[in-house]
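Observations on chain architecture
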Amino acid sequence: MAELNTKDGILDDERLHGFHRKLTLFSAGGAFLDGYDLAVIGVALPFLTQHFHLSTVMQSWTVGSVLIGNMVGMLIFGFLTDKLGRRSMYVIDLVAFVVFAALTAVSTQFWELLLFRFLLGVGIGADYTISPALVAEFNPAARRGARVGSLTLWFFVGGLLSYVLGIGLAPFGTIAWRIMLAFGALLALVVLILRSRIPESPRWLRSKHRDDEADKVLEHLTRVATDVAPMVIDNSNHVLLPSDRRLRTLFGRIAFVSAFWFAWDVMYYGVSLFAPSIVKAAGHGSVLMADFAGASLSIVSIIGTVVCIYVLVDKVGRRPLLIFGFLGLAIPLLVLASIHNPSISLLVLLLDLGVLIGNLGPGVLPWIYATDLFPTKVRALGTGVGAFVGRIGGLLGVFLFPNLVEHLGVAHATFLFVGVGIVGSIIAFIWAPETKGRSLESLEAGLGDNG
């Protein structure tokens, strides 16, 4: 298999940079909606608790239903995206955003809320596999990390918007949660329209031996003949038998991505989705203070992500950011866990510091590592498997953490995340490869050796 020349290859053509930016922006729209729809339920939870008279267990299910839907969408659409193509799934999943976000906003029964949040989660999970694959397969190696990582940035921007709306809609009382959820449907409709003209991935087309179609896509984008600088993709049909080194290496990559994604989601979702409720309890019931605390987490997440994608990930590399990011997140949480009844300001400061450092590495790297390490034929499915395992971690954080807080207090419950952060750092130190600056073709070729 020859390697795509990232200097002369047609996907690295200077004339495509505008398209690369447009594709990344439209894909980021899905990540933005992911962040908004996942975070908005935490913002709306105090209003929902009042409206539906939710117990602690019911609150966990309200938050967790969308994560369960994520897991279904990640596996089903990961498989369909590799089998049927990136483009069709890229549009279809936005339909789920529009329909089910709107239905959630008009729910009148608790079971309706759970059902529609679950189905919305399916659409969100689908986008976790589709958008990163499409962005990675169109972008050259030198920019791939930053472009794929930028999806995470917009995820946090979406989360921040949910907190801003929560603050702005607080005077509306119990109807505020309906406005918040309905707004997600309106945003999704805009992104759906924007995405409708994005073409199919040429790399995916070539992996399916549809070379003529791949050439037509490239000719349409560049307005030049593709025989000047052809893409060369491995078109051989590898039969990955149990004894095949490629299969063993692929399973190793899936295990690595899944393990560190699991560790990150335990920490991030457990802390961030319940941060407003934790701060509300510490602030004697102040919803506004809770929303400001949640917004601060989104702001520091954005700062960390911007530094990671525009300064570090394609220069320093993936491996050191993963190792030290987990440690940097665990240390402030260890300090927090060691303090009895911390003040609100100290509580928010330590949470913000941990999340800031975490997003200099592990918060950004799941999508980047997944699209780097999995070959074109199974890139979306591999990403879906990693994200699926990560969501198991997210559910663990969502369902376990609030109950630990209720019975043990914030300090003791936080030790759970300290331990997970240390384990995540060990996993990265032992297992994480460096993929900075390598083309997707060279990384796929590495399946045949120790890569």
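Residues numbered from 1 in each chain as written. Predicted model: local features only at pLDDT ≥ 70, side-chain atom pairs only at ≥ 80, totals over all residues. Heavy atoms only, no water.

Structural notes on the overall build of the protein chain
Across its full length, the protein chain holds 17 helices and zero strands. Taking all 451 residues of the protein chain together, 59% fall into the buried category. Put simply, 86% of the contacts in the protein chain that link residues at least 6 apart link residues at least 24 apart. Here the protein chain displays about 16,900 Å² of accessible surface, and carbon together with sulfur accounts for 69% of that area. (Helix = DSSP H or I, 4+ residues; strand = E, 2+ residues; numbered from the N terminus. Buried < 20%, exposed > 50% of the residue type's maximum accessible area, 1.4 Å probe, protein only. Contact = heavy atoms within 4.5 Å. Areas by Shrake-Rupley, 256 points an atom, 1.4 Å probe, with all protein chains shown as cover.)

Some thoughts on helix H13 (residues 344-358)
End to end, H13 covers 21 Å across 15 residues, agreeing with the expected 21 Å (1.5 Å per residue, within 8%). Buried within H13 are the following residues: Leu347, Val348, Leu350, Leu351, Asp352, Gly354, Val355 and Gly358. (Expected span 1.5 Å × (residues − 1).)

As for the pattern of salt bridges
Under the defined criterion, the tally for this structure stands at 13 salt bridges. Here Arg195 ties to Asp93 by a salt bridge, and the two come within 3.6 Å at their closest N and O atoms. One end of the pair, Arg195, is in helix H6 (residues 176-195); the other, Asp93, is in helix H3 (residues 86-105), with 102 residues separating them in the sequence. Here Asp93 falls in the buried class, since its relative accessible area comes to 2%. Each of Asp82, Arg86, Glu137 and Arg379 takes part in a single network of salt bridges with overlapping partners. (Salt bridge = Lys/Arg side-chain N within 4 Å of Asp/Glu carboxyl O.)

With respect to the environment of Val385
Note that Val385 resides in helix H15 (residues 379-408). For Val385, a relative accessible area of 24% puts it in the partly exposed group. Along the primary structure Val385 and Gly78 are separated by 307 residues, whereas in three dimensions their C-alpha atoms are 8.0 Å apart. If we skip the residues at most four places from it in the chain, Val385 touches Leu75, Ile254 and Ser258.

Considerations on the packing of H3 against helix H4 (residues 110-138)
The N-to-C vectors of H3 and H4 enclose an angle of 155 degrees; their axes lie 8 Å apart at closest approach. By the angle class used here, H3 and H4 are roughly antiparallel. Here H3 runs over H4; the crossing is left-handed. Each residue belonging to the contact of H3 with H4 can be placed in one class, and the counts come to 17 nonpolar, three polar and five charged. (Axes fitted to C-alpha atoms, helices over the stretch in contact; angles between N-to-C directions. Parallel < 35°, antiparallel > 145°, perpendicular 65-115°, else oblique. Left-handed = near helix turned anticlockwise from the far one by under 90°. Nonpolar A, V, L, I, M, F, W, Y, C, P; charged D, E, K, R; others polar.)

Focus on the side chain of Ser425
Within the secondary structure layout, Ser425 lies in helix H16 (residues 410-431). Taking the relative accessible area as the measure of exposure, Ser425 reaches 6% and is therefore buried. One polar contact links the side chain of Ser425 to the main-chain carbonyl oxygen of Ile323, over a distance of 3.0 Å. With residues up to four places along the chain from it excluded, the contact list for Ser425 reads Ile323, Phe326 and Leu327. (Polar contact = N/O pair within 3.5 Å; in protein donor to acceptor, adjacent residues only side chain to side chain.)

Brief notes about the packing of aromatic side chains
What characterises a pair of aromatic rings is the spacing of the ring centres plus the angle enclosed by the ring planes. What the rule picks out here adds up to 13 aromatic pairs. Ring geometry for Phe256 and Phe260: centres 5.2 Å apart, planes at 40 degrees, overall tilted. Of the two residues, Phe256 and Phe260 are both situated in helix H9 (residues 245-272); the distance of four residues between them amounts to about one turn of the helix. With a relative accessible area of 2%, Phe256 lands in the buried category. Using a relative accessible area of 0% as the deciding quantity, one classes Phe260 as buried. Taken together, a centroid distance of 5.1 Å and an interplanar angle of 90 degrees make the contact between Phe256 and Tyr369 edge-to-face. A residue pair is termed long-range when its members are at least 10 positions apart, and Phe256 in helix H9 and Tyr369 in helix H14 (residues 365-373) qualify at 113 residues. Accessibility classification places Phe256 together with Tyr369 in one group, the buried group. Following the ring pairs from residue to residue traces out a cluster consisting of Phe155, Phe156, Trp264 and Tyr268. The positively charged end of Arg195 is found above the aromatic ring belonging to Tyr90, 4.0 Å away from the centroid. Stacked on the ring of Phe429, the Lys or Arg Arg319 has its end atom at 5.6 Å from the ring centre. (Phe/Tyr/Trp six-rings, centres within 6.5 Å; stacked < 30°, edge-to-face > 60°. Lys NZ or Arg CZ within 6 Å of the ring centre and 35° of its normal.)

A word on the confidence of the model for the protein chain
On average, residues of the protein chain score 84 in pLDDT, and 88% of them reach the 70 mark or higher. Within the protein chain, H14 carries the highest mean pLDDT (94), whereas helix H10 (residues 275-282) carries the lowest (64). Throughout residues 1-8 the model reports pLDDT below 50, and contacts reaching past four residues in sequence, or to other chains, amount to 21 contacts. Low pLDDT, under 50, characterises residues 224-243; the predicted model gives this stretch 41 contacts beyond four residues in sequence or across chains. (pLDDT = per-residue confidence, 0-100.)

Looking at the packing of H9 against H14
Helix packing geometry: the angle between the two helix axes and the distance between the axes. At a minimum axis distance of 10 Å, the contact between H9 and H14 shows a crossing angle of 175 degrees. Here H9 lies roughly antiparallel to H14, going by the angle between them. The segment H9 lies against H14, with Arg253, Phe256, Val257, Phe260 and Trp261 engaging Leu365, Pro366, Trp367, Tyr369, Ala370 and Leu373. Across the contact of H9 with H14, the residue classes break down as ten nonpolar, no polar and one charged.

Some points on the nonpolar core
With 105 residues, the main nonpolar core has Tyr128, Met180, Phe256, Leu322 and Tyr369 as its most contacted residues. Counting residues per element, this core draws most heavily on helix H1 (residues 17-52), which supplies 15 residues. Those residues in contact with Tyr128, other than ones at most four positions away along the chain, are Asp34, Leu38, Met74, Phe155, Trp261, Tyr269, Trp367, Thr383, Ala387 and Arg391. Leu16, Leu23, Phe77 and Leu205 belong to the second-largest nonpolar core, a separate cluster that totals 18 residues. (Core = buried A, V, L, I, M, F, W, Y, C linked by side-chain atoms within 4.5 Å.)

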